[in-house]
Each structure stands twice: as C-alpha cells, then as structure tokens.
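Examining the three-dimensional arrangement
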Amino acid sequence: MPLKAVILIGGPQKGTRFRPLSFEVPKPLFPVAGVPMVQHHIEACAKVPGLKEILLMGFYQPHEALSRFLAAAQQEFKIPIRYLQEYAALGTAGGIYHFRDQILAGGADAFFVLNADVCSEFPLQEMLDFRQQHGDTDSFVILGTTANRTQALNYGCIVANADTQEVQHYVEKPSTFVSEIINCGIYLFTPAIFQHIGQVFQRNQQELALCPYLGEESSNGWQRAEVIRLEQDVFTALAGSGKLYVYKTDGFWSQIKSAGSAIYASRLYLNQYSQSHPERLAQNKPGGPIIRGNVYIHPTASVDSTAVLGPNVSIGEGVTVGAGVRIRESIILHGASLHDHTCVLNTIVGWDSTIGRWARVEGTPSDPNPNDPYAKIDSETLFRDGRLTPSITILGCSVTIPAEVVILNSIVLPHKELSRSYKNQIIL
Amino acid sequence: ATCPRRWRPPCASRSSGSASASPCPTRRSRWAQRLSDSRRPGAVVAPGTPRRAQAAPGPRLGCPRPRGDTDSRAAGPLALARDLLAEGGEPFFVLNSDVICEFPFAALARFHRQHGGEGSIVVTRVEEPAKYGVVVSEPDSGRICRFVEKPRVFVSNKINAGLYIFSPGILQRIQLRPTSIEKEIFPAMAQDGQLYAMELQGFWMDIGQPKDFLTGMCMYLQALRAQHPEKLHSGPGVVGNVLVDPSAKIGANCVIGPNVTIGAGVVVEDGVRIKRCTVLQGARIRSHSWLESCIVGWSCSVGQWVRMENVTVLGEDVIVNDELYLNGANVLPHKSIAESVPEPRIIM
Ligand SMILES: Nc1nc2c(ncn2[C@@H]2O[C@H](COP(=O)(O)OP(=O)(O)OP(=O)(O)O)[C@@H](O)[C@H]2O)c(=O)[nH]1
Ligand SMILES: [Mg+2]
C-alpha cells in the first residue's frame, strides 16, 4: 500500500508572528530542538512503512537553504523529498489540488497532509491503524486533540460521534464554544479527497463567473478559484457525510506560530528525545558544561566547562559559550557568541549575534497554564491594549549586545548594535 | 526606636548595639559607616574631646529623629542626658548620624575654644540655597546672625551640616520635652550672639536616603583616595576606589569597582561584577552575579547570576535566589526573594 506525505510549508507572507526570525530563514527551517522545524515531520514520515515520498508544498521561491536542507534530509532519511512550489498562495487545499497528479504518481492510495507549523508526536501509524479498525478504508482522518473551552476557539473545532468518531460538525475558529476537540493540522486522505476539493474549485469558478469583478480586482490572489481552504471549504462540507473521522491523540502537540512557541516546542521535542534520540541530549561529563535537564548542543559548538545550561536549551552550529555563562529555556542560533558570565533566559539569540560579558538577556515565557492539562500556548499578538505584551526576548541576526546591560522582554531587529539596556521594547 | 521610612530595610531589624557591622577597616570610616549603616536615629552625643568622640562605642542615647526640614526633636535627648553631658564642664559634640564628610572634629573643637561662645555648628556650601534653610553669619568671626528657611532671594549659600560642638551651658536652654534644636534652640542662641559657624572643607552629603548614601559613599572613597590611598584596595580586577575589609574573600575573575565598599567576612565568589555598592558584613555574593548601585545588608545571600541595580537595598539576612533580576527593590530584613522585581518597589 504505497503512501505519501505532503507538508504544507506556506510562504514568505506567512509566519508574520515569527518575525524577525523569519527574515533570515523560512520559518519551516527554523531550528526546534536543534533541527529544522520540518525535519521532525520528515523523521516521523520516514518511519511509516510503505511511505514512498515526501512533498513539501509552499509558495517560497526556490531557495538555497531549502534545497540544501532537502538534499541532506533525503540522504539522512533515505527517502525521496521534493519541493513543489505553488505559483501563488493557494491555501491549505489549493496546492494539494493543483499538484494532485504529483501526489498520486506512483500509485499512492493514501497520503498524509501535515501543517509545517505544528509540533507533535505525529502518531501517523496510529492514524492508519485507526482507519483500519473502524473499517472504512476510504474515509479521511483528522488528528484531533483536546483543548480547554476558551482556547478551543482559536482552532478548528470538531464535533464527533462518541462511539464511531465520525465527524458530525466542523467549524474553524468559532466565536462561541463548539467542542473541545480541535484540529491538529495532521490528516490522512485517500485520493477521493480530490473530488471534494474539486467540487469547491468548481463552485468557486461559478461564483467568480457570476461576479467577475471579484477576480479582476484581486491582487492578493485570494479571489482566485484555485484558492481553497481545507478547513473552512472542505472539512465543513464533509462533516456529517460519513467520510470524515477524527482520531484523538493524548500525545504532545502544539502550534508553532510565535517565536515564543518555538521555545515551548523545543521543550516538547527535547523531552521526546530521551526516547527517540538520546544521542541528541547533552550529558554531564568531565570537562564539559553543567547540564540541567534536556539540552541539545551542536557538535561544532564550543561551550566552556563552567557554563551551566538547561533545562530546555538548544545550542546551534559554531556557537561559542564563554566561562560562567548561564542559559535556560533558550535557543541559541548558529554562530552566536555568549561572552563570560552572561545570563540568557527565555530568549532566542539570532545567528551570529554577540552578547557581552555580564549582560543579562531575558524574556517572559508564554507557557501554557501548567495546571491545566489541556492548555495550549497562546500565540500571543505583539501588542495588547497598545502595549507590548511581555514575551520572550528575540535577538535578530547579527545583533550586538554590549557588556553588562540588561535586555528584557524585547525584540531586537537584525544587525542592531545596542549601546545600553532596553526593556519591553521593539528595537528597530 | 522607629526609623525613618525612607531608610527602612537595612536598619529595621538592627538594634543600636549592632553598630559593629561596619564594613570599613579604618577607624575613621568605621565610625562614619557605623552611623550611617545602623542609621542610629538619635543624636549622637559623645562627651569630652574629639579623640574620645571618635573612639566612642556608639551612643547610649537614641530617639526617632527625622532629619532635614521634617519636624526635628533632637534637643530633648540632650536634656535627658544632661548629667552625663555636663560632667567635667567640657564641650561635647552632637552629630546627625545621616551625614557624611571628613568629620573635622579637631578643627571644630579648636574653633569652638577660640570664639568662646556656647555653640559652634559646621556649615557647608550648597549650589541652590533656596532648597534649604541657610545660615547667615559674620564673614570674619563666623558669628551667626540668623537662620533663613528656604530663602527667596540670596542671603547665604551655607547650610547646617549637622555637626555641632556645645559647651554645657547650652543645656540650660533645653527642657525635657520634644524640642527642635534647629528651630527652637539655635535661633535663640544666635540672638544672644552665642552661636558660631565653621565652614566645612571638602565634601558633604546628606545620606538619609539610600540613593544619597551611595553618592556619599563615592565621595567618601574619593576623599580617602586623596588622603589615605594606602587604605584603598588594589590589584587585578579592582577598578577605581574600592575599600575591602581584610577579612573579606574575593573570588577569581571578579571585577570590583569603582566605588565599592566590602565589609568584614563578606564572601564574593568567582566571576562577580560589583560597582557602586556597599556590601555589609557577612554577606555572600554568589558567582557570576552583577551588582550596581546596591546596598547589600548584613548576612545577606545573593544567588548566582543575579542582577541587582538601581538602588536595590537588601535588609539584613535577605536571601536572593539564583538568576533573579532586582531593579530598585527595597527588601525588608529576613525576606527570601524567589521572583524577579523588574520595577522598583518595596518587598515586605
Ligand atoms: N502550501 C501552502 N501552505 C500553506 C498555505 N497557507 C497556509 N499554509 C500552511 O498551512 C499550515 C496552516 O496554515 P494556516 O491555515 O494559515 O494557519 P492556521 O493553523 O489556520 O492558523 P492561523 O494562522 O491562525 O490561521 C501552515 O503550515 C502554513 O504554512 C498556502 O497557501 N500554501
Ligand atoms: Mg487555517
């Protein structure tokens, strides 16, 4: 039974909540727990028996970093991986429909679709088993998880038959409570899905024919007939038809919308590494830094033996960490340099940035409420009531922080050379 | 005794007998520090000669005595101690405890003897006299004509520095009731031609508030640099004027100074950066922390990778957990701080 997987990676206009980090690298390649965000997806797909090909789909221009990553990943996971570029943003279903021949080539009789900006255990085999068990091998499966009643409103909400798990109702980001089962952005489809997307496409074409000015005036492409949203356009219609099922997982899951959620997602993946990739977790050993909890250190990084790292720290390629440095709940991107005695907490330190000695760079975590097992991370907006909401601190690429200052809850745009302390500011 | 609010933390739990917590190794500075550190609220009264005054073990008298233009009641205690002070007929010093200068006791005693009046007060020049009560005196003799509270036009640029010497005769003027020495006794003495002003040389600072205390400490250390540079600390990692008690321990890779005073038995671990701070006896600063413009109270423990700044004041025996940031925190004694204080506030 040949299988395929499609990873929806979006494009440059997406990932705005990930700025300024998405200026340097496409968000899907941003490192989470030491490896590019979508590598976690690829690893999970590569483990599924019979999965023949992975297709990354988005509207990024061909990109050197992306090609290099794909080449390396093909090597490492021994599976063909290709990038399919949409000619415009076609929405979460438009691209799949446009490239349906590519997906079906080689006789795939089922395929996964994964949003790139989620972190998950990716229980893909369990989704296959679930479909097998309820008997209708021609049905579609959404991976669902439980949210709390308030946060569920930020997601696609699913009402399902308690016995059969058949989806009876689907609504994307409702304004009132519908269900606490939410869409994880991970799906299992059969080729029959293209008929359903095709119907939406035809309806769009007819509507555009009736009011042609809509098509002409659109400059952003959203009025094209080819732009189709899987959630609002397809799932909503499929609900109650007996074709759509939800498989609920209790495994970890989070969206990765804001930079703050990248730190949270790193924590989830680092936890998973103790099972899946113990070799990626740094150990306390003589002559090495002091490790507290889960820490990833790239083999090329140079970390002083008096530094104290963790929990939840990822140190990128070629990073230098000086004597007496403390890092906790942070991501240090490649080429950055942390001088002696610096203290870095809840921060993303951008590529090739430098932090002078005794500087303190600190953010405020936006972790989900630890007392609520179903709480999700809030993909906070930058401003609330006209004020910058306290968030993790982000240093863009090639930022220079002088010695002895404090940078608190701030976002520093790339190439800035600061000369003093900053708090709760966006430094442009 | 209660303390003025503004200086609560370091003194709130200290009894007047604990003045030995001085961070300074020299006698002179210990003296000054003792006064300011323990924030002894009462007038300091030491009978006899200037020498004895310096060696005095700290006052046996004490009463709440807010300084400056607040209601002053310093005179009452003098009446209380009438017998002690009148003993031997010698002049005695009276000092406000919350000022710092070079304390010219010998010169003041000489000046007092020379003019033969009942009292002498030390005055210091200020740039903006309109903010203070000023002293108008005769240029040559120094005899005080009058006091003018917050003058609207310029009459003098000299203010009361809070250092006095009196002959026992003054005691006749004071009754056993709350009395402001500045407002009630001095004007009468001036009227009678019994009060003289001696102008202070060098620096002077009212150190009644923590912020000013730190400024006063900087001035004091600068004066020490000029007069007794050998008392200041030097060596690798020491920057500018730094005073370190010989019993204090400072770790490797620290940078201390400028303007730091480190008290007896203090332990500063490796990789610590301190500038413009007073660290009182028995405190411990753990490795890689960074402190600027702080007063660290007796026996405090400041954790690793702590950053404290902007006039953070820790009372006695405060514990600051690792990795915290304290910005202008005013922490009462015996507190344990487990969360950062990103904006200035009082921690009770
Ligand atoms: N290929 C492709 N991928 C897309 C497109 N739009 C979104 N995506 C990707 O699809 C996934 C889900 O994106 P959205 O539906 O925009 O996001 P969401 O999860 O609904 O959250 P919101 O941003 O709050 O709407 C992400 O990984 C996006 O990068 C598109 O037009 N083409
Ligand atoms: Mg969506």
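Keep in mind it's a predicted model, so treat the numbers as computed, not measured. (Residues numbered from 1 in each chain as written. Chains lettered and ligands numbered in written order. Predicted model: local features only at pLDDT ≥ 70, side-chain atom pairs only at ≥ 80, totals over all residues. Heavy atoms only, no water.)

Right, let's talk about the overall build of chain B for a bit. When its secondary structure is counted, chain B shows eight helices and 25 strands. The 348 residues of chain B split such that 57% are buried. Of the contacts made within chain B by residues no fewer than 6 positions apart, 45% connect residues no fewer than 24 positions apart. As presented, chain B carries roughly 14500 Å² of accessible surface, and 49% of it is formed by carbon and sulfur atoms. (Helix = DSSP H or I, 4+ residues; strand = E, 2+ residues; numbered from the N terminus. Buried < 20%, exposed > 50% of the residue type's maximum accessible area, 1.4 Å probe, protein only. Contact = heavy atoms within 4.5 Å. Areas by Shrake-Rupley, 256 points an atom, 1.4 Å probe, with all protein chains shown as cover.)

Moving on to the pattern of salt bridges. Applying the stated rule across the entire model yields 25 salt bridges over all chains. A salt bridge links Arg280(A) to Glu43(A), with the shortest nitrogen-to-oxygen separation between them at 2.7 Å. Remark: Glu43(A) occurs in helix H2 (residues 37–46) and Arg280(A) occurs in the loop between helix H10 (259–276) and strand S14 (290–291); sequence separation between them is 237 residues. Each member of the pair, Arg280(A) together with Glu43(A), is buried. Here Arg177(B) ties to Glu184(B) by a salt bridge, and the two come within 3.3 Å at their closest N and O atoms. (Salt bridge = Lys/Arg side-chain N within 4 Å of Asp/Glu carboxyl O.)

So, on to the site of ligand 1. All names here are of chain A. The full set close to ligand 1 counts 21 residues, and Leu8, Lys14, Glu86, Gly91 and Lys173 are the nearest of them. Between Lys173 and ligand 1, the recorded distance is 3.0 Å, taken from a side-chain N or O atom to an oxygen atom. Coverage of ligand 1 by the protein chains reaches 84% of its 620 Å² of free accessible surface. Contributing elements (two or more residues each) for the shell around ligand 1: strand S1 (3–10), strand S4 (51–58) and helix H4 (91–98). Of the residues in the shell around ligand 1, the class split is seven nonpolar, six polar and eight charged. (Near = heavy atom within 4 Å. Polar contact = N/O pair within 3.5 Å; in protein donor to acceptor, adjacent residues only side chain to side chain. Nonpolar A, V, L, I, M, F, W, Y, C, P; charged D, E, K, R; others polar.)

With that out of the way, let us pick up the UniProt feature "domain: Mannose-1-phosphate guanyltransferase C-terminal" (unreviewed entry) in chain B. When the UniProt feature table is mapped onto this chain, "domain: Mannose-1-phosphate guanyltransferase C-terminal" (unreviewed entry) is found at residues 238–347 of chain B. From the first C-alpha to the last, residues 238–347 of chain B spans 32 Å; its make-up is 0% helix and 45% strand. (UniProt positions renumbered as here; feature names shortened; annotations may be inferred.)

Residues and elements named next belong to chain B. Confidence along chain B averages 82 in pLDDT terms, with 79% of residues attaining 70 or more. Across residues 1–5, where pLDDT falls below 50, the model places six contacts with residues more than four positions away in sequence or in other chains. The low-confidence segment residues 11–71 (pLDDT under 50) makes 147 contacts with residues lying over four places distant or belonging to another chain. In the model output, the complex is listed with pTM 0.87 alongside ipTM 0.90. (pLDDT = per-residue confidence, 0-100.)

Bringing unusual backbone geometry into the picture now. Residue and element names in this part refer to chain A. Looking along the chain, the bond that leaves Arg19 and enters Pro20 is cis, with omega of 5 degrees. Position of Pro20 among the secondary structure elements: in the loop between S1 and helix H1 (21–24). Here Gly310 and Pro311 are connected by a cis peptide whose omega angle stands at 0 degrees. Inspection of the secondary structure puts Pro311 in the loop between strand S17 (308–309) and strand S18 (313–315). Located in the positive-phi region is Ala33, a residue other than glycine, with phi close to 55 degrees. Mapped onto the secondary structure, Ala33 falls in the loop between strand S2 (31–32) and strand S3 (35–36). Taking the relative accessible area as the measure of exposure, Ala33 reaches 1% and is therefore buried. Backbone geometry places Ser398, a non-glycine residue, at a positive phi of 55 degrees. Mapping Ser398 onto the fold places it in the loop between strand S29 (393–395) and strand S30 (400–401).

Attention now goes to the interface of chain B and chain A. If you look at the interface, chain B gives 18 residues, while chain A gives 20 residues. Both faces considered, chain B and chain A share a buried interface measuring about 1400 Å² in area, 47% of it formed by carbon and sulfur atoms. If you sort the residues of chain B by the area they bury against chain A, Trp305(B), Arg307(B) and Glu323(B) come out on top, with a joint share of 46%. Seen at the junction of chain B and chain A, the total is five salt bridges. Two residues, Glu323(B) and Arg292(A), come together in a salt bridge whose shortest N-O distance is 4.0 Å. Counting across the chain B and chain A interface gives 13 residue pairs in polar contact (both at pLDDT 80 or more). When contributions to the side of chain B that touches chain A are tallied by element, the ones reaching two or more residues are strand S15 (273–279), strand S19 (307–309) and strand S22 (325–327) of chain B. Here the residues of the side of chain B that touches chain A are counted per class, giving seven nonpolar, six polar and five charged. (Buried area = accessible area lost by both parts, 1.4 Å probe.)

Below, the discussion takes up the pairing of strand S12 (residues 244–248) of chain A. Along a regular strand, successive side chains alternate from one face of the sheet to the other. Residues and elements named next belong to chain A. Of all five residues making up S12, four are buried, and the element is well covered by its neighbours. Pairing geometry for strand S8 (residues 140–146) and S12, over five bridges, is parallel. Along S12, the bridge assignment pairs Val141 with Tyr245. (Pairing = 2+ DSSP bridges.)

All names here are of chain A. As far as domains go, chain A holds domain 1 (3–255) and domain 2 (284–423). Summarising the inter-unit geometry, the C-alpha centres of domain 1 and domain 2 are found 32 Å apart. On the domain 2 side, the residues contacting the 22 residues of domain 1 number 22 residues. The tally of links from domain 1 across to domain 2 stands at zero salt bridges. Inspection of the domain 1/domain 2 interface yields four residue pairs in polar contact (both at pLDDT 80 or more). The set of elements that each furnish at least two residues to the side of domain 1 that touches domain 2 consists of H1, S8 and strand S13 (253–255). Each residue belonging to the side of domain 1 that touches domain 2 can be placed in one class, and the counts come to 11 nonpolar, eight polar and three charged. (Domains from an automatic or database assignment.)

Right, let's get into the UniProt feature "domain: Nucleotidyl transferase" (unreviewed entry) in chain A. Under the UniProt annotation, "domain: Nucleotidyl transferase" (unreviewed entry) lies at residues 4–207 of chain A. Strand forms 29% of residues 4–207 of chain A and helix 32%; the C-alpha atoms that close the span are 33 Å apart.

Residues and elements named next belong to chain A. This structure, assessed with the given rule, holds zero disulfides over all chains. As a non-bridged cysteine, Cys45 has Cys119 as the owner of its nearest cysteine sulfur, 15 Å distant. Using a relative accessible area of 0% as the deciding quantity, one classes Cys45 as buried. (Disulfide = S-S within 2.5 Å.)

This paragraph deals with the sheet that holds strand S14 (residues 267–268) of chain B. Residue and element names in this part refer to chain B. Taking strand neighbours across the sheet as the criterion, the six strands line up as S11-S14-S16-S18-S21-S24 in an open arrangement whose pairing is parallel. Either end of the sheet is taken by a strand with one partner, and the two such strands are strand S11 (249–250) and strand S24 (336–337). Bridge analysis of S14 against strand S16 (residues 284–285) gives two bridges, and the strand direction is parallel. Of the residues in S16, the one forming a bridge with Val267 is Arg284.

Residue and element names in this part refer to chain A. If you trace the five strands from one edge of the open sheet to the other, you get S16-S19-S22-S25-S30, paired in parallel fashion. Each edge of the open sheet is held by one strand with a lone partner, namely strand S16 (302–303) and S30. For S16 and strand S19 (residues 320–321), the ladder comprises two bridges, and the chain directions are parallel. Opposite Ser302, over in S19, you have Thr320 as the bridge partner.

Let us look at the pairing of S15(B). Residue and element names in this part refer to chain B. Across the seven residues of S15, six count as buried, placing the element largely inside the fold. Where strand S13 (residues 260–262) meets S15, three bridges bridge the pair, whose relative direction is parallel. In the sheet register, Thr261 faces S15, and the bridge partner there is Thr278. Inspection of the sheet shows S15 paired to strand S17 (residues 290–296) by six bridges, in the parallel sense. When the bridges of S17 are listed, Thr278 appears paired with Ile295.

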